[in-house]
Amino acid sequence: MTATMTDTPPPAAPKAAGAPQRSGRSVGQILMIVAGALLLVAAVRMITGSDSLDSAGQVSAALGLAVPIGLAGLAGLWSERAGVVNIGLEGMMILGTFGAGWIGWQTNPWLGLLMGIAFGALGGLLHAVVTVTFGVDHIVSGVAINLLALGATQYLAKLFFNSGSAANAGGNPKQSPPVDSLPQITVPGLSSGLHSIENHHWFLISDIAGILGGLVTDLSVVTILAALLFVGTWWLLWRTPFGLRLRSCGENPTAAESLGVNVYSYKYAAVAVSGGLAGLGGAFLALVTSHTYLEGQTGGRGYIGLAAMIFGNWRPGGLAMGAGLFGYSDALQLRNGGVTVHALLLLLVVLLAALAGWKLYKKAVWQGVISAGTAALVLVWYLLTDEVPSDFVGATPYVVTLLVLSLSAQRLRMPKADGMRYRKGQGK
């Protein structure tokens, strides 16, 4: 039988035992990047006088916006590390919002949270049946799930929220009745102390205090759970035999099967977990962000989560950085408008100039010249204006996402068998 582009590749030859393998940036490199970013933001804040760039309120808002994106990206990471492309994350998040809102108002938000995860996992299992068992193209299946979830939740909302006790409690065809709030955590003493230091507007010290203050003030329990899930995912997938087997299904399932791995089972488990995580992201929107299910409240965050996952090179740490970056830029334009986004232009000038210098050092002349020219144009824009027009402010998070993806594209490496069709018995 002639192999197609979607067929699983044959087993690859094993690498030499002593061959070194890169596992990403070292801890020292990550710390240097974080320190450099802090110094740069602090300098821009001092030059522009825009104290809200890294205030506690800005960081807290960014965290709230980043969590559902990060959970969607983490869902995509689980699925794609097992070799299944999951474009259906948006639909699974929609199912999570409905499950959380529907069950949450009838019982309590904790049970609503669990049902949001369960509804998302059902969407994941459906995707697994269609792609793993029946071998349907992953993109086609994902798009179908998005459409199915949207249509099903719209129908069920009209059925359950438009009459009876739900309508009397404030429900309508496009939203559920209000749901009780989940607990929030503020570290007493530390939060107020950091806020006091932040108000002094000292260089770097106040910036660090503002960032830390946003991380310890009015923190949702779901945000803490999301952070634990990121750490747990890293440990499980990169530090355990289970994770090694699951990742082998995404790199070369034929070779994995020849070594006794039940590829179907691992793919099913990964896609079900993927759906549950996406459902948790949807439940966050319904229970933490708005305290109700709203039609269309996911707002494309499933797709943005995929972009964050790609930016993070299919790794939890990079994914968290990508989700945080998008959440930060989104919060910046929502909270502060054109004046603060204008200060962000100066930050963009510095980054583009640094990129130009790096490209020229690496002998990539054209890329360096383009980056330098873009930096000059942005600098002129910054010097000749005092505020970014409102028409451009709303596009800030999307422009940031496109820039980040374009600048990181050269170092990306997806799992080798991601999206490829696998049939049981190929490794025997």
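Keep in mind the model is a prediction, meaning the values are calculated, not measured.

## Quick look at the overall build of the chain
Now for step 1: The helix and strand tally for the chain stands at 18 helices and 2 strands.
Now for step 2: Counting contacts in the chain only where the partners sit at least 6 residues apart, residues at least 24 apart contribute 79% of the total.
Now for step 3: Surface summary for the chain: the accessible area is close to 20,600 Å², and the carbon and sulfur share equals 69%.

## Structural notes on the nonpolar core
Now for step 1: Grouped together as the largest cluster of nonpolar side chains are 40 residues, with contacts concentrated most on Leu246 and Leu319.
Now for step 2: Residue assignment for this core shows that the elements contributing at least two residues are helix 2 (56–81), helix 3 (89–106), helix 4 (109–133), helix 9 (221–239), helix 10 (241–251), helix 12 (263–289), helix 13 (301–311) and helix 14 (316–335).
Now for step 3: With 8 residues, helix 12 is the single largest residue contributor to this core.
Now for step 4: Residues in contact with Leu319, not counting those within four places in the same chain, are Gly70, Gly73, Leu74, Leu77, Phe230, Gly305, Ala308, Met309 and Gly312.

## Re the environment of Ala37
Now for step 1: If you trace the backbone, Ala37 turns up in helix 1 (residues 27–48).
Now for step 2: Given a relative accessible area of 39%, Ala37 falls into the partly exposed group.
Now for step 3: Each C-alpha atom, one on Ala37 and one on Leu351, is 10.0 Å from the other, the two residues being 314 residues apart in sequence.

## Quick notes on a nonpolar patch on the surface
Now for step 1: Taken together, the side chains of Val129, Phe134, Val136 and Val140 make up a nonpolar region of the molecular surface, amounting to roughly 340 Å² of accessible area.
Now for step 2: By the secondary structure assignment, Phe134 is in the loop between helix 4 and helix 5 (138–160).

## Examining the side chain of Thr240
Now for step 1: You can see Thr240 is positioned in the loop between helix 9 and helix 10.
Now for step 2: A distance of 2.4 Å separates the side chain of Thr240 from the backbone oxygen of Leu236, its partner in a polar contact.

## Quick notes on the packing of aromatic side chains
Now for step 1: Scanning all chains against the criterion turns up 10 aromatic pairs.
Now for step 2: Measuring from centroid to centroid gives 5.9 Å for Trp358 and Tyr361, while their planes differ by 35 degrees, and the two rings are tilted. Here the residue Trp358 and the residue Tyr361 both occupy positions in helix 15 (residues 337–361), the gap between them amounting to 3 residues, near one helical turn.
Now for step 3: Given a relative accessible area of 48%, Trp358 falls into the partly exposed group.
Now for step 4: Note on Tyr361: relative accessible area 61%, which makes it exposed.

## Points about unusual backbone geometry
Now for step 1: You will see that His291, though not glycine, has its phi angle at about 60 degrees, which is positive.
Now for step 2: With respect to the element layout, His291 can be found in the loop between helix 12 and helix 13.
Now for step 3: Phi at Trp314 takes a positive value of approximately 60 degrees, unusual for a residue other than glycine.
Now for step 4: Checked against the element boundaries, Trp314 lands in the loop between helix 13 and helix 14.
Now for step 5: Since its relative accessible area comes to 5%, Trp314 is described here as buried.

## With respect to the confidence of the model for the chain
Now for step 1: The predicted model of the chain has a mean per-residue pLDDT of 86, with 90% of residues at 70 or higher.
Now for step 2: In the model, residues 1–6 has pLDDT below 50 throughout and makes 5 contacts with residues more than four positions away in sequence or in other chains.
Now for step 3: Predicted confidence is poor over residues 10–23, with pLDDT under 50, and the contacts of this stretch with residues over four places away or in other chains come to 7 contacts.

## A word on the packing of helix 2 against helix 9
The description of two packed helices rests on the angle between their axes and on the distance between the axes.
Now for step 1: Following both chains from N to C, one finds helix 2 and helix 9 inclined at 25 degrees, their axes separated by 10 Å at the closest point. Viewed along their axes, helix 2 and helix 9 adopt a mutual orientation that is roughly parallel. Relative to helix 9, helix 2 is oriented so that their crossing is left-handed. Across from Leu63, Val67, Gly70, Leu71, Leu74, Leu77, Trp78 and Arg81 in helix 2, the residues of helix 9 making contact are Thr223, Ala226, Leu229, Phe230, Thr233, Leu236, Leu237 and Trp238.
Now for step 2: Split by residue class, the contact of helix 2 with helix 9 holds 12 nonpolar, 3 polar and 1 charged.

Calculation criteria
Residues numbered from 1 in each chain as written. Predicted model: local features only at pLDDT ≥ 70, side-chain atom pairs only at ≥ 80, totals over all residues. Heavy atoms only, no water. Helix = DSSP H or I, 4+ residues; strand = E, 2+ residues; numbered from the N terminus. Contact = heavy atoms within 4.5 Å. Areas by Shrake-Rupley, 256 points an atom, 1.4 Å probe, with all protein chains shown as cover. Core = buried A, V, L, I, M, F, W, Y, C linked by side-chain atoms within 4.5 Å. Buried < 20%, exposed > 50% of the residue type's maximum accessible area, 1.4 Å probe, protein only. Patch = residues over 30% accessible without salt bridge, like charges linked within 9 Å, V, L, I, M, F, W, Y side chains within 5 Å. Salt bridge = Lys/Arg side-chain N within 4 Å of Asp/Glu carboxyl O. Polar contact = N/O pair within 3.5 Å; in protein donor to acceptor, adjacent residues only side chain to side chain. Phe/Tyr/Trp six-rings, centres within 6.5 Å; stacked < 30°, edge-to-face > 60°. pLDDT = per-residue confidence, 0-100. Axes fitted to C-alpha atoms, helices over the stretch in contact; angles between N-to-C directions. Parallel < 35°, antiparallel > 145°, perpendicular 65-115°, else oblique. Left-handed = near helix turned anticlockwise from the far one by under 90°. Nonpolar A, V, L, I, M, F, W, Y, C, P; charged D, E, K, R; others polar.

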